[in-house]
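Chain and residue survey
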Amino acid sequence: QVQLVESGGGLVQAGGSLRLSCAASGSIFTLNTMGWYRQAPGNEREALATITSGGSTNYADSVKGRFTISRDNAKTTMYLQMNSLKPEDTAVYYCHGVSWSKMNYWGQGTQVTVSS
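Structure report, in brief. (Residues numbered from 1 in each chain as written. Predicted model: local features only at pLDDT ≥ 70, side-chain atom pairs only at ≥ 80, totals over all residues. Heavy atoms only, no water.)

Here the focus is the sheet that holds strand E3 (residues 18–26). Each strand in a sheet pairs with its neighbour through backbone hydrogen bonds, running either in the same direction (parallel) or in the opposite one (antiparallel). On the basis of which strands lie adjacent, the open sheet formed by four strands has the order E1-E3-E8-E7 and antiparallel pairing. The open sheet has two edge strands, strand E1 (2–7) and strand E7 (67–71), and neither has a second partner. This sheet shows a mean twist of 15° between the axes of neighbouring strands, independent of strand direction. With five bridges joining them, E7 and strand E8 (residues 77–82) adopt antiparallel strand pairing. Bridge pairing in E8 links Ser 70 to Tyr 79. (Pairing = 2+ DSSP bridges. Helix = DSSP H or I, 4+ residues; strand = E, 2+ residues; numbered from the N terminus. Axes fitted to C-alpha atoms, helices over the stretch in contact; angles between N-to-C directions.)

So, in structure tokens, the structure goes:
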């Protein structure tokens, strides 16, 4: 089992920055790919960025060039650096992990609100 806990959300003005963290515990050695998703009211959950155990990254077009996903060397914490935030980035942001055996894990979510 893996537990994921997000932190770092909050209220920021448009154009500002936030850094989200996702602390992983438990059987973290089983994790392959990790990523960040978000869900705004009335919208489906949207994949934003992923990072593999080998460090390869991928981004959604909506955040490419503004958001950066990273992972510490021990792979216990994943980050999402968010720059040039826009009001449309307002959502609940979720940490996600997939194990080598295709088990899916989700954090509880952290609210990000961008004011105009």
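Now that the structure has been shown, we can carry on.
Another aspect to go through is the state of the cysteines. By definition, a disulfide links the sulfur atoms of two cysteine residues through a covalent bond. The full count for this structure, using the stated rule, is one disulfide. A sulfur-sulfur distance of 1.9 Å marks the disulfide that ties Cys 22 to Cys 95. Between Cys 22 and Cys 95 the sulfur-sulfur dihedral comes to about -65°; the bridge is accordingly left-handed. Residue Cys 22 is found in strand E3, and its partner Cys 95 is found in strand E9 (residues 91–99); the two are separated by 73 residues along the sequence. For the pair shown, Cys 22 and Cys 95 are each scored as buried. (Disulfide = S-S within 2.5 Å. Buried < 20%, exposed > 50% of the residue type's maximum accessible area, 1.4 Å probe, protein only.)

Right, let's get into the side chain of Thr 110. Position of Thr 110 relative to the elements: it lies in strand E11 (residues 110–115). A distance of 3.3 Å separates a polar atom in the side chain of Thr 110 from the backbone nitrogen of Gly 9. (Polar contact = N/O pair within 3.5 Å; in protein donor to acceptor, adjacent residues only side chain to side chain.)

In this section: the nonpolar core. Within soluble globular proteins, side chains that are nonpolar generally end up buried alongside one another. Leu 80, Met 82 and Tyr 93 are the most contacted members of the largest nonpolar core, which has 29 residues in total. Among the secondary structure elements, those contributing two or more residues to this core are E1, E3, strand E4 (31–39), strand E5 (46–51), E7, E8, E9 and E11. A total of four residues in this core trace back to one element, the largest contributor, which is E3. (Core = buried A, V, L, I, M, F, W, Y, C linked by side-chain atoms within 4.5 Å.)

Quick look at the pattern of salt bridges now. A complete count under the given rule lists four salt bridges for this structure. Salt-bridge contacts for Lys 64 lead to Asp 61; the nearest nitrogen and oxygen are separated by 3.3 Å. Note on Asp 61: relative accessible area 67%, which makes it exposed. One salt bridge connects Asp 89 with Arg 66, and the closest N-O pair in it is separated by 2.8 Å. Placement of Asp 89 in the loop between E8 and E9 and of Arg 66 in the loop between strand E6 (57–59) and E7 is noted, with a sequence separation of 23 residues between them. According to the relative accessible area criterion, Asp 89 is buried, its value standing at 1%. For Arg 66, a relative accessible area of 11% gives the class buried. Overlapping salt bridges bring together Arg 38, Glu 46, Arg 66 and Asp 89 as one network. (Salt bridge = Lys/Arg side-chain N within 4 Å of Asp/Glu carboxyl O.)

On their own, these measurements won't tell you what the molecule is for.
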